[in-house]
Amino acid sequence: MQPIKSKEQEAIALDFLYQGCKNAKNATWMLKKPTKGSVYFLFKTLLLEAKLKQGAYLANNNAGVVFFYHDKTNVFSLKLILLKLMLFLKVTGIKNGIKATKHRKEMDKLRPKNGYVAAALGTSQNRAGIEAGFEIYRSITEIALQHNTNIYAETTAPRIKQLYKRLGFKEYNKVVSPYSNLKTWFLELTTTAILEKQKQ
């Protein structure tokens, strides 16, 4: 995997994320209108936050993207603050923005604070995308093993939950958010599970 640095890499990543999430309720429920511009702006904001946390990556074949960073990583950026303010005022609206903020705080409370977070995974819908997915998995598990730290992920899609489980993740919680009305599954991949998977 390679860190996202250039504008060209950002454009590739945003296109993957838009194509993968444009119809996903977990990515659009807080938007006033789920237009292409609104979804792009949401992911542009999340991409900047991930980059500041040194956790925005593209697969080496440029066919996949993932945000992957330690949950304790905190950042401060005036640009990020301004983007979030614009997101709050123009894209979500104040009412939905408040709901989204409360929703994120509730989700953060349920996730252990001693591991890496894997989020916003997107790949192209072809063989290169499959290869990118396997590369991303190998890369994030190598990082987890190097630091002897578990990986955490969340999803609202049953299909994605099953995919995580096939990769060795175990479900440790599930909740229905009072703000989004969506069921979220919380999953954990331990270093022990990674090592066991490598032996297979």
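Now for a description of the structure that goes with this document. (Residues numbered from 1 in each chain as written. Predicted model: local features only at pLDDT ≥ 70, side-chain atom pairs only at ≥ 80, totals over all residues. Heavy atoms only, no water.)

## Digging into the overall build of the chain
Here is step 1 of the chain: Scanning the chain for helices and strands turns up eight helices and seven strands.
Here is step 2 of the chain: For 200 residues, the compact-globule estimate of 2.2 N^0.38 gives 16 Å, and the chain sits close to it at 16 Å.
Here is step 3 of the chain: Its C-alpha atoms put the chain at 50 × 35 × 30 Å along the principal axes.
Here is step 4 of the chain: The proportion of buried residues among the 200 residues of the chain is 45%.
Here is step 5 of the chain: Of the contacts formed within the chain by residues at least 6 apart in sequence, a portion of 71% connects residues at least 24 apart.
Here is step 6 of the chain: If you sum the accessible surface of the chain, you get close to 11,300 Å²; carbon and sulfur atoms cover 54% of it.
Here is step 7 of the chain: Averaged over its 33 positive side-chain charges, the chain has a centre that lies 8 Å from the centre of its 14 negative ones. (Helix = DSSP H or I, 4+ residues; strand = E, 2+ residues; numbered from the N terminus. Rg over C-alpha atoms; globule rule 2.2 N^0.38 Å. Buried < 20%, exposed > 50% of the residue type's maximum accessible area, 1.4 Å probe, protein only. Contact = heavy atoms within 4.5 Å. Areas by Shrake-Rupley, 256 points an atom, 1.4 Å probe, with all protein chains shown as cover. Lys, Arg positive; Asp, Glu negative; His and termini not counted. Charge placed at Lys NZ, Arg CZ, Asp CG, Glu CD.)

## Some points on the nonpolar core
Here is step 1 of the chain: By size, the foremost hydrophobic cluster in this structure holds 31 residues, and its most contacted members are Ile4, Phe43, Val65 and Phe67.
Here is step 2 of the chain: With seven residues, helix H3 (residues 36-52) is the single largest residue contributor to this core.
Here is step 3 of the chain: In this view, Ile4 contacts Gln9, Glu10, Ala13, Leu47, Lys51, Ala56, Tyr57, Leu58 and Val65; residues no more than four positions away in its chain are not counted. (Core = buried A, V, L, I, M, F, W, Y, C linked by side-chain atoms within 4.5 Å.)

## A closer look at the pattern of salt bridges
Here is step 1 of the chain: One pass over the structure, following the stated rule, counts 11 salt bridges.
Here is step 2 of the chain: A salt bridge links Glu10 to Lys7; the shortest N-O distance between them is 4.0 Å. Of this pair, Glu10 and Lys7 both sit in helix H1 (residues 7-21), three residues apart, roughly one helical turn.
Here is step 3 of the chain: By relative accessible area, Glu10 is classed as buried at 17%.
Here is step 4 of the chain: A salt bridge links Arg111 to Asp71; its shortest N-O distance comes to 2.9 Å. Residue Arg111 is found in the loop between helix H5 (94-110) and strand S4 (116-123), and its partner Asp71 is found in the loop between strand S3 (64-70) and helix H4 (78-92); the two are separated by 40 residues along the sequence.
Here is step 5 of the chain: The exposure class of Asp71 is buried, given its relative accessible area of 15%.
Here is step 6 of the chain: Salt bridges sharing partners connect three or more residues here, namely Glu49, Lys53, Lys84 and Arg104. (Salt bridge = Lys/Arg side-chain N within 4 Å of Asp/Glu carboxyl O.)

## As for the sheet that holds strand S6 (residues 170-176)
Adjacent strands of a sheet form backbone hydrogen bonds with each other and so pair up, either parallel or antiparallel.
Here is step 1 of the chain: Strand order in the open sheet formed by seven strands is S1-S2-S3-S4-S5-S7-S6, with mixed pairing between adjacent strands. For this open sheet the edge positions go to strand S1 (2-3) and S6, each flanked by a neighbour on one side alone.
Here is step 2 of the chain: Bridge count between strand S5 (residues 151-155) and strand S7 (residues 183-189): five bridges; the pairing is antiparallel. Paired with Glu154 across the two strands is Phe186, which belongs to S7.
Here is step 3 of the chain: The sheet strands contacting H3 are strand S2 (56-58) and S3, and the helix crosses S3 at an angle near 50°.
Here is step 4 of the chain: H5 contacts S6 and S7 of the sheet and is inclined by roughly 150° relative to S6. (Pairing = 2+ DSSP bridges. Axes fitted to C-alpha atoms, helices over the stretch in contact; angles between N-to-C directions.)

## Some details on H4
Here is step 1 of the chain: An ideal rise of 1.5 Å per residue puts 21 Å on 15 residues; H4 measures up with 20 Å between its terminal C-alpha atoms.
Here is step 2 of the chain: Listed in full, the buried residues belonging to H4 are Leu80, Leu83, Leu87, Val91 and Thr92.
Here is step 3 of the chain: Each element contacted by the buried residues of H4 is listed here: H3 and H5.
Here is step 4 of the chain: Of the residues trailing H4, Gly93 is marked for its positive phi of about 85°. (Expected span 1.5 Å × (residues − 1).)

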